[in-house]
Amino acid sequence: MAADGLQTGGNGMEENKENERPALGGGGTKSRVLGDSLGLEILQIIKESQQQHGLRHGDFQRYRGYCSRRLRRLRKTLNFKMGNRHKFTGKKVTAEILSDNRYLLLVLMDAERAWSYAMQLKQEANTEPRKRFHLLSRLRKAVKHAEELGWLCESDRVDAKTKLEAQAYMAYLTGMLHFEQQQWKEAMESLNKCKTIYEKLANAFTEEQAVLYNQRVEEISPNIRYCAYNIGDQSAINELMQMRLRSGGTEGFLAEKLESLITQTRAKKAATMSEVEWRGRAVPVKIDKVRIFLLGLADNEAAIAQTENEETKERLFESLLSECRDAIQAVREELRMDPKQRDHFVDGEQGKVSNLQYLHSYLTYIKLSTAIKRNESMAKALQKALLQQHQPVDDGKRTPRPQDLIRLYDIILQNLVELIQLPGLEEDKNFQKETGLKTLVYKAYRCFFIAQSYVLVKKWSEALVLYDRVLKYASEVQTQAGAAKKSLKDLPDVQELITQVNAEKYSLQAAAILDTDNTNEAESPSQVKDSKPLSECLEIFCLDSSLVTKQANLVQFPPGFQPIPCKPLFFDLALNHVTLPPLEDKVEQKAKSGLTGYIKGIFGFRG
């Protein structure tokens, strides 16, 4: 709540304007007072408030703080305070004081505050189950306020549209309360009533106004189908899956609700699941998260197969991979707790791994297989884009290249290597053969697109060699297929690749011959290019197209070396023939030293 209090300053002006009473006769969009008739756009008010104050990001605590602040301002504006700071005095909005539509807004904000607190507790109840009791209490409080709003709107002073919206709002909150209490029949009745009212309102107004009502209908439809499933309608789960497909796998409140309802449905079925069979071996499944994932695996794969939109298919692939990673992590934690289960061989039997380790291998196989399918789907989309390159492309979009496909097939081949190394499948010859066959197919396609990238840079000989390698891989696939043709059904068509390679080889040979002829054409003397720069052949006329480009050869740079004279050396030869004069008479004689000179110095005899 403290965090919400810091945000009041920026939105204070807007929120205070929301509490002002509209002028009489003014046709406001959110609330209106027409003569003696009061009106309130209930659904529009709550939707705009929710989107602007936290629910766009699922922050129910922020929205709850906003409702509290708006209630305080409304009470202050209407002078409808609940006592003072020392004493609480309860007051209720009655039909007698209903002179302003802001009294209706006051009750509506009370209901919204209680509902947002309940949704906040629902998020926290995943880790703290005791909060579920508080959740139900706040939902009952919200229903009580919604009933009070509906009773006030029964007044003759309230217009018909507001009465219908109040009834729909009350039915919605009542249905959500029964839904949380798992009273499926009562919840379905209330939500159907809410849906009917909003559908009638949508048909009664313009398309712009009907958008909001139709959105609310879409939101509550998954809850209705889930209630029908719990009552006994087995087709309801299929309708929930179809709703998820129609929503496009987009993020948002509706997508989260659909995922939550589908997960709850699978959790109920998971209680009856005890084991799973894979490659002739039955493995017990005791982890609930793994059970839920395996139960929904077929539905998810079917949904991916039915989807034609590439973006939706990519989201569904990512959702499936995320669920698979969570299941693998649950098995790893179980393996970490039981060291005996980590042994690759049990009871001294070669190739026989523990049940938990084999389950881990099975889930890893699902993850790698799904990643291969996703990358293959992306590769097909890129191949279509490569074929349509002659068509104009929108500005700002990156043009696909063969190198992009090479990267995808590299990842696929790496996934196949990991598949072969899974514990428990070392002795499975059929599995090893099928995986080896898939590896040859994807190697052929990878080699084909490497050749295509060489063609773009006119490396004809390298591309021709790679095309021959593609044909070699393809012939190996056809030779080794034999009885394993069933495993090739889901793989790209090798025969189609052979046909395409043969056509590309002829095109490549023709392009190489034309390129050679162009380079060997006789050039006129005026078009002969010389390696000399322009500064050295100014007196010779030649047509050189490179002179008008940025890489024109104008001068030699760096300049070449040129000989220069060395610095002269001077030798004084005259000095050898010069006779110097004697200098003895000018040099002072050196004083005598020794014992004789010492004695003479004592007695004063010095020379």
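Residues numbered from 1 in each chain as written. Predicted model: local features only at pLDDT ≥ 70, side-chain atom pairs only at ≥ 80, totals over all residues. Heavy atoms only, no water.

In the nomenclature of an unreviewed UniProt entry, the protein chain is known as Signal recognition particle subunit SRP68 of Microcaecilia unicolor. The UniProt entry for the protein chain carries this comment under Function (unreviewed entry): "Component of the signal recognition particle (SRP) complex, a ribonucleoprotein complex that mediates the cotranslational targeting of secretory and membrane proteins to the endoplasmic reticulum (ER). The SRP complex interacts with the signal sequence in nascent secretory and membrane proteins and directs them to the membrane of the ER." (UniProt positions renumbered as here; feature names shortened; annotations may be inferred.)

Draft legend 1. Looking closely at the packing of helix α5 (residues 101-124) against helix α7 (residues 160-180). Viewed as axis vectors pointing N to C, α5 and α7 meet at an angle of 25 degrees, and their least axial separation amounts to 12 Å. On the basis of their axis angle, the class for α5 and α7 is roughly parallel. Note that α5 runs across α7; the crossing there is left-handed. Along its contact with α5, which presents Leu108, Ala111, Glu112, Trp115 and Lys122, the element α7 presents Tyr169, Leu173 and Glu180. (Axes fitted to C-alpha atoms, helices over the stretch in contact; angles between N-to-C directions. Helix = DSSP H or I, 4+ residues; strand = E, 2+ residues; numbered from the N terminus. Parallel < 35°, antiparallel > 145°, perpendicular 65-115°, else oblique. Left-handed = near helix turned anticlockwise from the far one by under 90°. Contact = heavy atoms within 4.5 Å.)

Draft legend 2. Examining the nonpolar core more closely. Ranked by internal contacts, the top residues of the largest apolar core, which has 68 residues, are Val290, Phe293, Leu294, Leu359 and Leu363. Counting residues per element, the ones that place at least two in this core are β3 (275-278), α12 (288-306), α13 (310-337), α14 (355-387), α15 (402-420), α16 (429-456), α17 (460-481) and α18 (494-520). It is α16 that contributes the most residues to this core, 12 residues altogether. Shared between two domains, this core takes at least three residues from each, and those domains are domain 1 (273-338 + 354-387 + 400-427) and domain 2 (443-515). The residues touching Leu363, leaving out its near neighbours within four places in the chain, are Val290, Phe293, Leu294, Cys324, Ala327, Ile328 and Val331. The next biggest cluster of nonpolar side chains, apart from the first, holds 60 residues, and it includes Tyr103, Ala111, Leu121 and Ile220. (Core = buried A, V, L, I, M, F, W, Y, C linked by side-chain atoms within 4.5 Å. Buried < 20%, exposed > 50% of the residue type's maximum accessible area, 1.4 Å probe, protein only. Domains from an automatic or database assignment.)

Draft legend 3. Structural view of a nonpolar patch on the surface. A contiguous nonpolar surface patch, about 550 Å² in accessible area, is contributed by Leu534, Leu538, Leu554, Val555 and Phe557. Relative to the elements of secondary structure, Leu554 occurs in the loop between α18 and α19 (595-602). Residue classification places Leu554 among the partly exposed residues on the basis of a relative accessible area of 44%. (Patch = residues over 30% accessible without salt bridge, like charges linked within 9 Å, V, L, I, M, F, W, Y side chains within 5 Å. Areas by Shrake-Rupley, 256 points an atom, 1.4 Å probe, with all protein chains shown as cover. Salt bridge = Lys/Arg side-chain N within 4 Å of Asp/Glu carboxyl O.)

Draft legend 4. Region of the structure containing the packing of aromatic side chains. Counted by the stated rule, this structure contains 14 aromatic pairs. Judged by centre distance (5.4 Å) and plane angle (80 degrees), the rings of Phe179 and Trp184 are edge-to-face. Residue classification places Phe179 among the buried positions, given a relative accessible area of 7%. Assessed through its relative accessible area of 16%, Trp184 is described here as buried. Measuring from centroid to centroid gives 5.1 Å for Trp278 and Tyr365, while their planes differ by 35 degrees, and the two rings are tilted. (Phe/Tyr/Trp six-rings, centres within 6.5 Å; stacked < 30°, edge-to-face > 60°.)

Draft legend 5. Unusual backbone geometry, seen in detail. For the bond running from Phe557 to Pro558, omega is -5 degrees, close enough to zero to count as cis. Of note, Pro558 is situated in the loop between α18 and α19. Even without being glycine, Lys458 reaches a positive phi, approximately 60 degrees. Here Lys458 lies in the loop between α16 and α17. Residue Lys458 is classed as exposed on the basis of its relative accessible area of 53%.

Draft legend 6. Region of the structure containing the packing of α7 against helix α8 (residues 184-204). For the pair α7 and α8, interaxial distance at closest approach is 8 Å and the crossing angle is 155 degrees. Viewed along their axes, α7 and α8 adopt a mutual orientation that is roughly antiparallel. Judged by the sense of rotation from one axis to the other, the crossing of α7 with α8 is left-handed. Each residue belonging to the contact of α7 with α8 can be placed in one class, and the counts come to 14 nonpolar, five polar and four charged. (Nonpolar A, V, L, I, M, F, W, Y, C, P; charged D, E, K, R; others polar.)

Draft legend 7. A look at the pattern of salt bridges. By the definition in use, this model includes 14 salt bridges. Close ionic contact of Glu180 with Lys122 constitutes a salt bridge, the shortest N to O distance being 2.7 Å. Here Glu180 is found in helix α7, whereas its partner Lys122 is found in helix α5, with 58 residues between them in sequence. Given a relative accessible area of 33%, Lys122 falls into the partly exposed group. Among the ionic pairs, Lys131 bridges to Glu128, the shortest N-O distance being 3.5 Å.

Draft legend 8. Focus on α7. A rise of 1.5 Å per residue sets the reference length of α7, with its 21 residues, at 30 Å; its end C-alpha atoms lie 31 Å apart and thus fit the reference within 8%. Among the 21 residues in α7, 16 count as buried, and that is most of the element. (Expected span 1.5 Å × (residues − 1).)

Draft legend 9. Quick peek at the pairing of β3. Only one face of β3 is buried: it carries Val276 and Trp278, and the other face, with Glu275 and Glu277, is open. In this sheet, strand β4 (residues 281-284) lies alongside β3 in antiparallel orientation, the contact comprising four bridges. Residue pairing for β4: Val276 is matched across the bridge by Val283. Connecting the antiparallel pair β3 and β4 is a turn made up of two residues, with Arg279 showing a positive phi of about 55 degrees. (Pairing = 2+ DSSP bridges.)

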